[in-house]
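Report on the structure
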Amino acid sequence: MSEIKVLVVDSFELARYGLREILQSEADFNCVATLSSGKDALIFCETRQVDVILIDIALPQLDGIETTREILGLGRAEKVIGLISNHKLEYLQGMIRAGANGYLLKTADKDQIGEAIRKVHRGEVYFCEEVQKDLAEIIRSHLHFSPNDELLKDLTRQEKKVLKYVSRDFSNKEIAHELFISPRTVEVHKRNLISKLRLKDSKELRRYALKAAE
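The numbering scheme is per chain: residues are counted from 1 as the chain's sequence reads. Local features in this predicted model are restricted to residues whose pLDDT is 70 or higher, and side-chain atom pairs enter the listing and the counts only when it is 80 or higher, whereas totals over whole chains, interfaces and linings include all residues. Note that water and hydrogens are dropped before the side-chain values are worked out from all heavy atoms of the structure.

Structural notes on the sheet that holds strand β5 (residues 102-105)
Here is the rule: Strand pairing is assigned whenever DSSP detects at least two bridges linking the two strands. Working definition: helices are DSSP H or I runs of at least four residues, strands are E runs of at least two. Numbering for both runs from the N terminus. Any two residues having at least one pair of non-hydrogen atoms within 4.5 Å are treated as being in contact. All axes are obtained by fitting lines to C-alpha atoms, using only the stretch in contact for helices, and the reported angles, taken between N-to-C directions, cover 0 to 180 degrees.
Sheet architecture is open: six strands sit in the order β2-β1-β3-β4-β5-β6, paired in parallel fashion. One side of each edge strand has no neighbouring strand; the edge strands of this open sheet are β2 (29-35) and β6 (126-127). Packed onto the sheet, helix α3 (residues 64-72) meets β3 (52-56) and β4 (79-84) and runs at close to 155° relative to β3.

Observations regarding the nonpolar core
What counts is decided by this rule: Think of a nonpolar core as a cluster: buried Ala, Val, Leu, Ile, Met, Phe, Trp, Tyr and Cys residues, connected wherever their side-chain atoms sit within 4.5 Å. Throughout, exposure labels follow a simple rule: accessible area from a 1.4 Å probe, protein chains only, divided by the maximum for the residue type, with under 20% read as buried, over 50% as exposed, and the rest as partly exposed.
Counting residues in hydrophobic clusters, the biggest one holds 45 residues, and the most contacted among them are Leu-7, Ile-53, Leu-54, Tyr-103, Leu-104 and Ile-117. Of the residues forming this core, the biggest block, five residues, is contributed by strand β1 (residues 4-9). Excluding its chain neighbours within four sequence positions, the residues that come into contact with Leu-7 are Val-32, Ala-33, Leu-35, Phe-44, Cys-45, Val-50, Val-52, Ile-53 and Leu-54. Leu-151, Leu-155, Val-166 and Ala-176 belong to the second largest nonpolar core, which has 18 residues in total.

Quick word on the pattern of salt bridges
Using the following cut-off: Salt bridge, as applied in this entry: a Lys or Arg side-chain nitrogen positioned within 4 Å of an Asp or Glu carboxyl oxygen.
Scanning all chains against the criterion turns up 10 salt bridges. Notably, a salt bridge pairs Glu-26 with Lys-110, separated by 3.4 Å at the nearest N-O pair. With Glu-26 in the loop between α1 (13-24) and β2 and Lys-110 in helix α5 (residues 110-121), this residue pair connects regions lying 84 residues apart in the sequence. Judged by relative accessible area, which is 22%, Glu-26 ranks as partly exposed.

Encoded structure:
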């Protein structure tokens, strides 16, 4: 059985140590390195070839999404699995757009990690059960919604900002914090968006926002 060369990228030493221990306990895995930053990962991948990269999405400075995009932009054959402690829809979207092959919560056990690595190495994808609902939502948004540029032109600058944060799955409170307005004002903007974009409800607004964010 040929070994699968795995690179671990995580800013927390304990996480790197734990993943290395899990990988070293499996006969078909070879943990070639553990790195603490996206910058180090880019430098490493410029000269070294690995099969699978396990990368923390929430890396400081150069995050896991941008690092994934940069690494895969080198035209190499690495497969990437994103790791996250606190899942948000925007992280899942970002990793998919960057070209990642898998997505795991950091609460994943040894068997899940092993299954994910082996699957993506075979050319498949692996998305943990906890994000399947959001994944299905992204797929539905691609199938059923196509942003109308003419309608988008009619939106105010503030409405466009709200739409952007809706695509990132921000709550009304979070959007209010980002835009320095009240949650009630956010709700008013959402109602206006639903009306202007000729949608039925908040659920359709979320799907529309996901598609428009591409």
